[in-house]
Each structure stands twice: as structure tokens, then as C-alpha cells.
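Residues per chain are reported as follows:
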Amino acid sequence: MVMNNSNYNSTQVNATCPACGLLCDDISIVSSPQLTANKACVKGVSFFKRAFKAPTDTLPLIAGQASDLDSAINKIVEILHLSKNPLFAGLGTEVQGMRAIMRLAQKTNASLDHMHSEAGVRNTLALQNGGWMTTTLAEVKNRADLILAIGTDITSSHPRFFERLIENTDSLFKQQPPEVVYLGTTQDAAINVENLSKLPEILNALNALLHNKKLQVTHVADVPVATLQSLIDKLKSAQYAVLVWSASMLNIPHAELTIQSITQLINKLNETTRAAGLPLSSGDGDTSVNNTSAWLSGYPTRLRFNNGMPEYDNHQYATSKQLADCDAMLWISTFNPHPPIFTKAPTIVIGHPDTQFERTPDVFIPVGVPGVDHNGLMLRMDSSITLPLKKLRDSKLPSLTTVIAMIEEKLSNEVSP
Amino acid sequence: MITLLKNGKIYDPAHQKNGVTEDIYIRDGRIVTKPATTEKIDQTFDLSGKVVMAGAIDMHSHIGGGKMNIARMMLPEYQQKQLQEIKNSSDPEQHICTPHCSHHTTPSATDTGFRYIEMGYTAAFEPAILPINARQAHLEMGDTPMIDKGGYAMLGNDDYFLRLLAAKADQKVINDYVAWTLHATQAIGIKVVNPGGISAFKFNQRRLNLDENNVHYQVSPREILQSLSRAVHELGIAKPLHVHCNNLGAAGNFATTLDTMTASSGLPMHLTHIQFHSYGTEGDKKFSSAAAQIAEALNKNKHITADVGQILFGQTVTASGDSMMQHLNANHANPKKSVIMDIECDAGCGVVPFKYRDQNYVNALQWAIGLELFLSVEDPWRIFLTTDHPNGAPFTSYPHLIRLLMDKSFRNDAFAKLNLDAQAMSNLNSLDREYSLYEIAIMTRAGAARLIGLNDRGHLGIGAAADITVYTDQSDREAMFAKPDYVFKNGQLVVKNGQVVKVVWGVTHTAKPAFDNAIEKDLKQYFDRYQTIQLDNFKISNDEISDDGRGQVVTHQKNKE
């Protein structure tokens, strides 16, 4: 990828790409005379391109009018000070940002929810109901001899998955790349379903066949039972099958039960051979936010603070539920310029400098992009690895952490009403 | 500024002080000699009649890293329920425990620090840092206030080491790799969990005995223990190899444990949560106590130390690197859920909730086995007080456990309430020993500091860090140890009457032996070919721990003796 930009230096620097849950850390960036992001995928390139294109001296806005940082902070403090039930949403950030947000949430009794939690909670519910057996990327690369992609082509959301882990890659324990079987809606899927709402039926049938149950039908969701049986045979004879799913693709009622069907399949397979799951993440720091929340409060998101004590409720503290009740919203999106969700409550946005608004928020503070404008820390989608995000250029934009610290300081100076 | 702690009854086993009345002077966070009479004493605490010990050190407690976070995510209901239970502790199955016996099994990082310091503990060590997950472990520990932290890096199931061993690599190469790992992960010791077994499980082996080969590498747990214990010894790390034996939790595993004691050919090893490895197969239920055999062997084998991993009754969660055995244990999960993970050709983990019940034969006997071990091992310098938090019970149960050790009638009353079949299979009633305050101070302070190699902690000598706990001498030892009068961290008063009065941030203790960095060339190639992150990103710098202005890396060197 190539783009014009003369401001930045020409030395090659290593970078970690936060554009998806794979967190590729083999990217090298040259920013002058043209920006190149060597080894980055299409998602990564567009992330770095947008971040580098954003000016580093964008000013904060109060009611759409250019202002300065101190005035914007004052305005935010004014809003939060009056708020009894603030909602912190979006949460597109990394570990350090989330640490700061948690502190502020505790002080302001805020509820917390990530922009992609609709998907994340599907996995969380499956985890909380039955647990699961999962694996991580290096195990996939070195050990997997069968990949079953369920309801996802993997590539669209995690473009370098196959390049880095499956094809033409050195492997410790096997000679051949794994067989990849798709169960989904694409034409080339070995098990092709009309739409993903058929997945529950298919997975129930697969579970039944794995338990040696005879099915009384010839087809399940238009898929011949013989096809399903041959998949079961493959899974049973594989030495290390990896079942991949993407919760964000499963926009079907009670998707958590479908995920549970997958985890049950994996558990049963492990009675005789080895198999493991690999849930894909949705991005915008969802894995980092969930983990940081867990060690700081004891709970994953969604939660709220009440008198400084955390309370966990996957249902009640969903953004969609809180939008109606909240009396202030702080929307955070630092990796991508996601505009805030609409609420009638006063709206504060701390986010990507390139954010465009349909409705003018009460306050907007543009902040640096983690891994470009400042350092950060991020958890990979398999939650097993935390990698540093590195600052790649000088920027006048403050970091989210700095802005939150300023808000905190001003807030604690305010006298309670 | 000089602080004087006046007239306390000092229990300082490192200096053979057993309840002598003495003054302690503190300056700049350290214990100092009596200042000249011309110097001003800024602050005096009259400790007449009070029991004074160094801050306690938990040498094995799962306080950081992915496993605990999985437990937090999987079990949010515990926290809510436990808050209630602590308020009205009336669950009949917990009648042996008391309100001090909190069942907060998955505390947040903040709560972890607060609960420890409130009990007079000033340091805790995470015993199972997966090298690949070390950054997260340090982040969690970095967010744990009040106490010092540190950890043991897990080796012995990682592909790189197993390949070195399979290729019969020179011991020097292995030593370099072990030292490199200590540096890269900012750890103070090396641990091995189910040697070779976590890896074997990934190749579909379901059990691994001490002299059985891992099918892929064709090396045995014994060879792994030999190699790693030798590396630790030759590198001059104070902390002996921390060993979680093969066959955790399995009936009859005491034989493996006894064999394991011989595996290092006399070099020091620490066998952790040995209660979970002291099971026989006698009796109708084919599950019995082998505490007597294990204790006898511990008494005989002076190169072996152990911590107990006591279980206490109630709901908890077990979080272990031992994916192989936790996959088997998942059948007993209560509630019925578990997480088993294979991780990065490096390690694994298994998180399985358990509810230990005093009317359950196996659980009741586990409880008795732990106490039998405590009471039968003669040398308090070689046995340590742990519950393997949260696996046997949360660390907040320590005051209760201390009373069980110090108070025979309290212990026997508890024993009398156990499952009757379990009572019939235990000799606990015949063990008359009651631990003294001096012995408790050895187990929880002086011994732990000496084992880990913390030269300036765990004692009250001149030059020691002023981590000091002051108790009121009460016959109810549980009440006494649950709520110290004062806790000083680096000379600052941080707890008064069991309540935190000042928030401080401890340091991270590490060991960094010298080694030949040429190993990194090969590691770089290995990472580029087979791993999924860059070698440079695997390594954790000192700055990462101190950057937020709270943390600090302290590196310890072994005392030349």
C-alpha cells in the first residue's frame, strides 16, 4: 500500500496492527516519502492510512464550535457532574484507555458497554452456561489438521488468518496444511445452508450424529444427512480439529445456544480425540476491554458502578437498554471514527480525529489513535497474548488516558451539589 | 523521619527471636539500629503486649494472569452470591467456616491487594505465569495495590524446551534458555506443571506418569525435572524449582509424588499444593490418605520443600495450568461448567469450579489430609501455609486455617462434624501438635522469604524493609490473624484495626541470573518460523512495569553462603 505523505520520517519501524483480533505484530511501517505498511492486510492498510491521514492538531469542539482542550474538559465535567446515570459506550480502546475509563466510571457511577458487545455477550453467555474448550493461534498454526469454519469465511473479518496460520507456513507437528471445511451460506461451502438461521438445526444434527444417534430424516435444513455424517467422520478422525465461529456473524435468535451447540460438539469430540474452539472477535479492542474490566472490577462488560461498587448484568446494562435511561453519554472510539449512537441525553465524544457526526455532540475531543499516535497495550482475540502498540509519529493529539485523567482531576475538585 | 515501635513481643525466626520484648526503629522504609539520643523520634506506637511479626508472604497464590480472568468471566454469579453469603453466613455446609472465612474466590485485582494487606500479608507470588501470557499477569499484578508481587514462569511443557531435551541439548543451552525466560518474563522462579503432561494432552495422551514418555518428544517427566532442577540450581536462583507433580487429584497419586522427590537427584525442589498429591487407594471407596507416607518422605528428604494447598469447605474455583488433569476433573465441576485451553505450544490451562462439602467423603478426607500433612511434617522451615488460592479455598481463609493448626480442640470439633466414613479413614484426631506463634511466623514469613530469596523481607533485622504486622494476642487465633492492629508497608502505616488507611503500591520481585545471550539468535529464528508473535514483543522490559509510576522491578541475587 502506498500513499503520499511528506511529513514523517523514512525509517522503517515495526508496528502492531490493532485493526482486527489477530493483532499482527510483523508489520513494518515507512511513513516517508510515502506511507507503506508492509505485510499489512487490506483492513490494516486502511486503518493505518486513515490514522496517518488524520491531522494531529484537530481541535476539540463544543456544540460544534472549535474550542480548546481545557474548555472542552470543563464542559465534560459540567455534564458528568450533573449526571446521575451516565452511560459510557463505544469503548473502542485498548488496555490503558480502559484502565482510565474504569476509574472514571467508578467515580461517576457509570454503566459500561462496548459497541460490539451484542456479539461478545453471545460468547460470554455460552461461557457462563457451560464453559468451553478453546485454543490459540500458535496451536492452530502448528497443530490443527482440520479447520471447520462455522458461519464465517474467517477472511472477511480476519484477513491474514490463512496466510499466517494455514498456508505456506512452517509447522512444528505436521507436514500438510489442514483441510478447511466451511459450514455456511457461501456457494463453495461444503455444507451449504440457505441462511444462518439454519445453523441450530445443523448443529443439533451434528451433535446427534456424534452421539451415534440415527436420524429419521434424509435431509436437515436441505443438507443431506450423509454429508453431515461425513463431516462427523472427519472430525472424529482428525487429530486436532479447530472449530472457528464468529459471534458477530450469528445474528440469529438465541445465538448463544448455537455457540453452546458448537462447544458441546467440541467437548464430545474430546472424549476420544483432540479438538478445540476458536471464537473470533469483533474488533475495536473488544477483547482488551472485556479482560481489563474483568481484572479491575471482577466482571466482564456489561456492568455499572453503584456507590463505587461494580454490578454485573448482561441484560440490564446493554447500551440499547441504557440509552433510554441515561442522563449523559460518553462515547469512546479511538481506533476507528465510529460516530456515537443516538441518545437524547447530553453526548460527549472522545474519539478518532476523523469522526464525522450526523448530529452535533455537546462535546467532541479528538484523541490520538493508539498504536499510531501513542503507545498502548492490546489483548489478542484468544486472550492469551498481550502486545504493546507503539507510537509511530509525533502528534499534538492527547491520548484518551490523558483526557480521562484531566476529567478525573477536575471532577474531584468539583464540590458535590 | 523515624518511627518507633515500642515494647512489642517480637516473633522473628530469622533471628531466633521468640516473643522477646524489643523496640523497632524505622527510617526511610527500613528497620534501623537505635538512633542517637539526639535524633528526633517523629512517631511512636506503644505495642506493649502486642505480637509483632514481619509482613506475611504468600509464596503460592493465583493472583494474576489469564486463568483468574477466565474464572471471573465464567463465574460472575459467585461474586454476587458471595457478597450475600459473607453477610449472612448460614449455609449449613459451611458450618466449619466462620464469617472470617470469606468465600470471595474471584476477587478483582484491587480487592486482592486490599484483602491481603488487611490480614497482614505484604507480598504474594503468582505461581503459574505462562511465559507467553506474562505481560497480562504483570498488568493484573500491577493493578494489585498494597502488596509486593512476583511470579514463577512455567516451563517444561513448552515446545522449545521439550525439543532441546529431546535433542539431548547441552545443559548449558538449557540453562541459558531458563535464564532468558526469567529475564523476558520478569519472574523470580521457575515452575513446572504436570511435567510434559500439558503438552502430552495436546497429543491426546490422557495421563502421564513420572517415567512415561510424552509420545511426541519421547522424553519423560523425570528427565524434565532433572533438567530444570539442574538449570535452576546451576543458575544460582534462590527459589528451588516449583513442581506441580503429575497426576494431580488422582487416587493413588502419592506414589508419583514419592517418586518425584527422587527425580532431582538430591537437588532442591519445591513440591506445591502437596495435599492434592497425597492420595492413596485404600478402603471401600478406593480413596484414602497417604499423608503419613508423604510426611515421612518430606521429613527424610531435606532437599524437598512443600506447601500444602489446604482445602476448606465452600464454593471455590480451581484454576490450574494443568489442562490434562483439569479436563478429567471437569467431570466433578460444580456448577457444571469449565474452561480448558491449549495455549501457544507453550502451556495450557483449566478452570473448573468446585464446591467442597464436609459431608462428601472425598472432600472431607482432602480437608483432613491437608491438616495431617501440616501436623506431621516436622520442620516448619520446609512446609508452607497455602490454600493454593483459589483452588483449595480463597486466601482470605488463612486466619481460619491458622486457628485449625494452633488450636487442637477447635480442630477436633471441626473434625467431628465431617462425613463419618472420612473420619474413620483419618488419624487427624490422634495428632496432638499445635503450632506455636513462632512456627506460624516461620511458615508464613521467614521460611517463605528464605525459600524465594527475598533477603530483605520476612524478617525484622537491621536493614530489612519495614513490612511489619502487629496483632493483639488473642486465644481465638482466627480473630487475631484476621484483623491486625497495624500493618506497616515499607515503614508506612497502611492498615489500622484491620482497615486500610493508606493506599500504596508494592514492587515486583525478580531474579535475573547471568547467561549467554547467544541463545536469542536461535530463539529469534524459532519465533519467526513457528510462533505467532515477534520475539521482541515476548520480552517484558523493566519500564513496562514502572511506566505508570506505581510499579518497580526489584532484582534479587542469591545469598552467597
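These figures come from a predicted structure and were not determined experimentally. (Residues numbered from 1 in each chain as written. Chains lettered and ligands numbered in written order. Predicted model: local features only at pLDDT ≥ 70, side-chain atom pairs only at ≥ 80, totals over all residues.)

**Brief notes about the domain arrangement of chain A**
Residues and elements named next belong to chain A. For clarity, the cut-off: Domain start and stop points were drawn from an automatic or database domain assignment. Each residue gets a C-beta atom placed from its backbone, and two residues are in contact if those atoms lie within 7 Å. Only Asp, Glu, Lys and Arg are considered charged in this grouping, and only Ala, Val, Leu, Ile, Met, Phe, Trp, Tyr, Cys and Pro are considered nonpolar; every other residue, Gly among them, is considered polar.
Once the domains are mapped, chain A shows domain 1 (3-51), domain 2 (59-116 + 284-413) and domain 3 (120-280). Here the C-alpha centroids of domain 1 and domain 2 sit 25 Å apart. In this assembly, 14 residues from domain 1 lie in contact with 17 residues from domain 2. Tallied by class, residues from the side of domain 1 that touches domain 2 come to 9 nonpolar, 3 polar and 2 charged.

**Structural notes on the environment of I407 of chain A**
Residue and element names in this part refer to chain A. Our working rule: Every helix listed is a DSSP run of H or I at least four residues long, and every strand listed is a run of E at least two residues long, numbered separately from the N terminus.
Looking at the secondary structure, you find I407 in helix α12 (residues 400-413). A C-alpha to C-alpha distance of 24 Å links I407 and A54, two positions 353 residues apart in sequence. Other than its neighbours up to four places away in sequence, I407 contacts I73, I76, V77 and L104.

**A word on the confidence of the model for chain B**
Detailed conclusions should not be drawn from predicted coordinates in areas where pLDDT is low. The line we're drawing: Known as pLDDT, the predictor's per-residue confidence is scaled from 0 to 100.
Per-residue confidence for chain B gives a mean pLDDT of 95; residues scoring 70 or more make up 95%. For residues 89-101 of chain B, every residue scores under 50 in pLDDT, and the model assigns this stretch 27 contacts once sequence neighbours within four places are set aside.

**What about the pairing of strand β9 (residues 131-134) of chain A?**
Here is the key point about a regular strand: its side chains alternate between the two faces of the sheet. Note the following rule: Exposure in this text rests on C-beta crowding, where 20 or more other C-beta atoms within 10 Å of a residue's own make it buried, 12 or fewer make it exposed, and counts in between make it partly exposed. The C-beta atoms are placed from the backbone. Strand pairing is defined by DSSP finding a minimum of two bridges between the two strands.
Of the two faces of β9 of chain A, the one lined by G131 and M133 of chain A and the one lined by W132 and T134 of chain A are each fully buried. Bridge analysis of β9 of chain A against strand β16 (residues 338-343) of chain B gives 4 bridges, and the strand direction is parallel. Bridge pairing in β16 of chain B places M133 of chain A opposite I340 of chain B.

**Brief notes about the domain arrangement of chain B**
All names here are of chain B. Under the domain assignment used here, chain B contains domain 1 (2-54 + 454-500) and domain 2 (56-452). With centres defined by C-alpha atoms, the gap from domain 1 to domain 2 works out at 30 Å. At the junction of the two partners, domain 1 supplies 25 residues and domain 2 supplies 29 residues. Counting residues per element, the ones that place at least two in the side of domain 1 that touches domain 2 are β2 (17-27), β5 (51-54), α17 (477-482), β20 (486-489) and β21 (492-496). The dominant element in the side of domain 1 that touches domain 2, judged by the number of residues it contributes, is α17, at 4 residues. Its residues assigned to classes, the side of domain 1 that touches domain 2 shows 14 nonpolar, 6 polar and 5 charged.

**Brief notes about the environment of N301 of chain B**
Residue and element names in this part refer to chain B. The topology assignment puts N301 in the loop between α10 (291-300) and β14 (304-307). Taking the C-beta count within 10 Å as the criterion, N301 has 18 such neighbours and is therefore assigned partly exposed. Distance in space between the C-alpha atoms of N301 and G266 is 8.2 Å, their sequence separation being 35 residues.

**With respect to the interface of chain B and chain A**
Chain B puts 38 residues into the contact, and the matching count from chain A is 43 residues. Within the residue set of the side of chain B that touches chain A, elements represented by two or more residues are α1 (66-74), α2 (76-87), α3 (109-118), α4 (134-142), β16 and α18 (519-530) of chain B. Counting residues per element, the side of chain B that touches chain A draws most heavily on β16 of chain B, at 6 residues. Considered class by class, the residues forming the side of chain B that touches chain A number 14 nonpolar, 14 polar and 10 charged.

**Some details on the pairing of strand β1 (residues 2-12) of chain B**
Residue and element names in this part refer to chain B. Strand direction decides the pairing type here: β1 and β2, joined by 9 bridges, are antiparallel. Along β2, the bridge assignment pairs Y11 with N18. Bridge analysis of β1 against strand β4 (residues 43-46) gives 4 bridges, and the strand direction is parallel. Paired with L4 across the two strands is T44, which belongs to β4.

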